[in-house]
Each structure stands twice: as structure tokens, then as C-alpha cells.
Amino acid sequence: MMCNNEVIKAILERRTIRSFAPDALDRETLQLLLDCAMWAPSGRNSQPCHVRVLTDKRVLDELNTDFKNKVGWDTPAYTRWDVNPVYQGAPAMFFIYAETKDDMNSGIMVENIAIAAQGMGLGSCIIGSIGALLDAPEGDKWKKIFDIPEDFRFVISIAVGKKAEEPEAKERHPENFRIIEVTDHESI
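Here's a quick rundown of the structure.

About the cut-offs
Residues numbered from 1 in each chain as written. Predicted model: local features only at pLDDT ≥ 70, side-chain atom pairs only at ≥ 80, totals over all residues. Heavy atoms only, no water. Patch = residues over 30% accessible without salt bridge, like charges linked within 9 Å, V, L, I, M, F, W, Y side chains within 5 Å. Areas by Shrake-Rupley, 256 points an atom, 1.4 Å probe, with all protein chains shown as cover. Salt bridge = Lys/Arg side-chain N within 4 Å of Asp/Glu carboxyl O. Helix = DSSP H or I, 4+ residues; strand = E, 2+ residues; numbered from the N terminus. Buried < 20%, exposed > 50% of the residue type's maximum accessible area, 1.4 Å probe, protein only. Core = buried A, V, L, I, M, F, W, Y, C linked by side-chain atoms within 4.5 Å. Contact = heavy atoms within 4.5 Å. Expected span 1.5 Å × (residues − 1). Polar contact = N/O pair within 3.5 Å; in protein donor to acceptor, adjacent residues only side chain to side chain. 1 Å grid on protein atoms, 1.4 Å probe; cavity = no way out; pocket = protein on both sides within 12 Å on 5 of 7 lines; lining within 4 Å. Points joined across faces, edges and corners; volume = space filled by probe spheres on them. Nonpolar A, V, L, I, M, F, W, Y, C, P; charged D, E, K, R; others polar. Axes fitted to C-alpha atoms, helices over the stretch in contact; angles between N-to-C directions. Parallel < 35°, antiparallel > 145°, perpendicular 65-115°, else oblique.

1. Considerations on a nonpolar patch on the surface
A cluster of nonpolar residues, V7, I8, I11 and L12, forms a patch on the protein surface that exposes about 360 Å² of accessible area. Relative to the helices and strands, I8 resides in helix α1 (residues 6-13).

As C-alpha cells, then:
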């Protein structure tokens, strides 16, 4: 099916990127992505999430070291663990925290960032594995750095930057997606 809608095009063409150009993202781009996160819908308009963006490579590398020290340097905790840092070498990483483990609202928010990044010609990689560090007592250090309330929990993160690869689409399972047409209303 052909569609000229730019949003649908961004959704259908988005791929997980694990190789990024080292170019920094400017503040305007970062703020626009934060705005897209902020405008994500949330259940009952609760707006439960706090989002932080880290762009300092030295600090990202320290986060990676803390993560690897926590899970083990030879543990396959994420794709390309043996060649990439946990932030996949991206120049920016967004971290989403919530007062409770709010997967639904955080998931909507991270998808907004991913689709907005794609629409802006950027790549992204949604990363959950860093929670092994950020949800552990060792992660309290990072809550302080990120200025996150003490009782909040890490939910999900996303690395964003200019793409240094164009991966092929991975196989999908269309048999799992169906329109149901009920014709026998008596059986309901």
C-alpha cells in the first residue's frame, strides 16, 4: 500500500540504528525531540514521566562503564554488546523515569521520540537493558546526576543521532495482525 503521509512513512521506514555518526545534535533538535516526548498522550493526562537527555560523551562513557561493571563486561546484555557501548555510540541518549514502573505511558513517549527522530532524518535505538544499572542501588548516582526524584524508577531509554548505517527491515509476522469481522451476532 502506498501512502504519501509523512508520519506514516516515518513509522514504516524507521529501523533500529546501532551505528551512529559522531556528530553532535544541536540544542534546537534536542528540544524538539523533548517537546515530542512531552506531547505524548498519557493515561488520564497524568503526565507521569520525567525525561532527561545526556549528550556529554565522557559522561556517556562513564555510564557505560558503570553498566558494564554491573552486568559484566562479557555479558551479552544487548545487541552488539561486544563492539558498542550500551548507548550504541549515539551522541544523545534520552532517559525516561516515572514514579511507578509506567511501561504504557513511557512506551508511548519513547515511540514519539523514535518517530520524530526518523521524521527528522535521524536514527534511534530504544534501550531497556540499561535498567539493570539504573534500577539497582548503583543507579542512585545517576538519579542524582539526572535530577530525578528519589522515588522514581527508570523505565526506558532511547539513543538518538545521525545514522551511520541503513539496515534492512527485519521480517514481520503479518499473520499476527488481523481485522476481525463478526458475522454471527447470535453467538456473542
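From this point, the narrative continues.
2. Concerning the pattern of salt bridges
Under the counting rule described, the total for this entry stands at 7 salt bridges. Taking the shortest distance from any N to any O, the salt bridge between E62 and K141 comes out at 2.7 Å. One end of the pair, E62, is in helix α3 (residues 57-71); the other, K141, is in helix α6 (residues 140-146), and 79 residues separate them in sequence. Its relative accessible area of 32% is what places K141 among the partly exposed residues. In this structure, R153 engages D135 in a salt bridge whose closest nitrogen and oxygen atoms are separated by 3.6 Å. Taken together, the residues span a long stretch of sequence, with R153 in strand β4 (residues 153-161) and D135 in the loop between α5 (131-134) and α6 at a distance of 18 residues. Classification of R153 as partly exposed rests on a relative accessible area of 38%.

3. Observations concerning the nonpolar core
If you look at the biggest cluster of nonpolar residues, it comprises 25 residues, and the most contacted ones within it are F95, Y97, I130, L134 and W142. Per-element tally for this core: the top contributor is α3, with 4 residues. Look past the residues within four positions of L134 in its chain and what remains in contact with it is L63, F95, Y97, G139, W142 and F154. Counting residues in hydrophobic clusters, the runner-up holds 22 residues, among them L30, A40, C49 and V160.

4. Some points on α3
End to end, α3 covers 21 Å across 15 residues, agreeing with the expected 21 Å (1.5 Å per residue, within 8%). All buried positions along α3 are accounted for by V59, L60, L63, N64, D66, F67 and K68. Of the residues that open α3, the one with a side-chain oxygen 2.9 Å from the backbone nitrogen of R58 is D56.

5. A word on the layout of surface pockets
A volume near 230 Å³ is recorded for the largest pocket. Lining the largest pocket are R14, R15, T16, R18, T79, R80, E165, P167, E168, K170 and R172. Considered class by class, the residues forming the lining of the largest pocket number 1 nonpolar, 2 polar and 8 charged. Estimates place the volume of the second largest pocket at around 190 Å³. Forming the walls of the second largest pocket are R27, L30, Q31, L34, V51, R52 and V53. Secondary structure elements with two or more residues in the lining of the second largest pocket: α2 (27-38) and β1 (49-54). With 4 residues, α2 is the single largest residue contributor to the lining of the second largest pocket. By residue class, the composition of the lining of the second largest pocket is 4 nonpolar, 1 polar and 2 charged.

6. Quick word on the side chain of S157
Tracing the sequence through the fold places S157 in strand β4. Residue S157 is classed as buried on the basis of its relative accessible area of 0%. Polar side-chain contacts of S157 include one of 2.7 Å to the backbone oxygen of I127. Here S157 is in contact with M93, F94, F95, V110, C125, I126, I127 and I130, once residues within four sequence places are set aside.

7. Thoughts on the packing of α1 against helix α4 (residues 103-119)
Between α1 and α4, whose axes approach to 9 Å, the crossing angle comes to 105 degrees. Taken together, the axes of α1 and α4 are roughly perpendicular relative to one another. Residue-level inspection shows A10, I11 and E13 of α1 in contact with α4, the latter providing I115, Q118 and G119. Of the residues assigned to the contact of α1 with α4, the class counts are 3 nonpolar, 2 polar and 1 charged.

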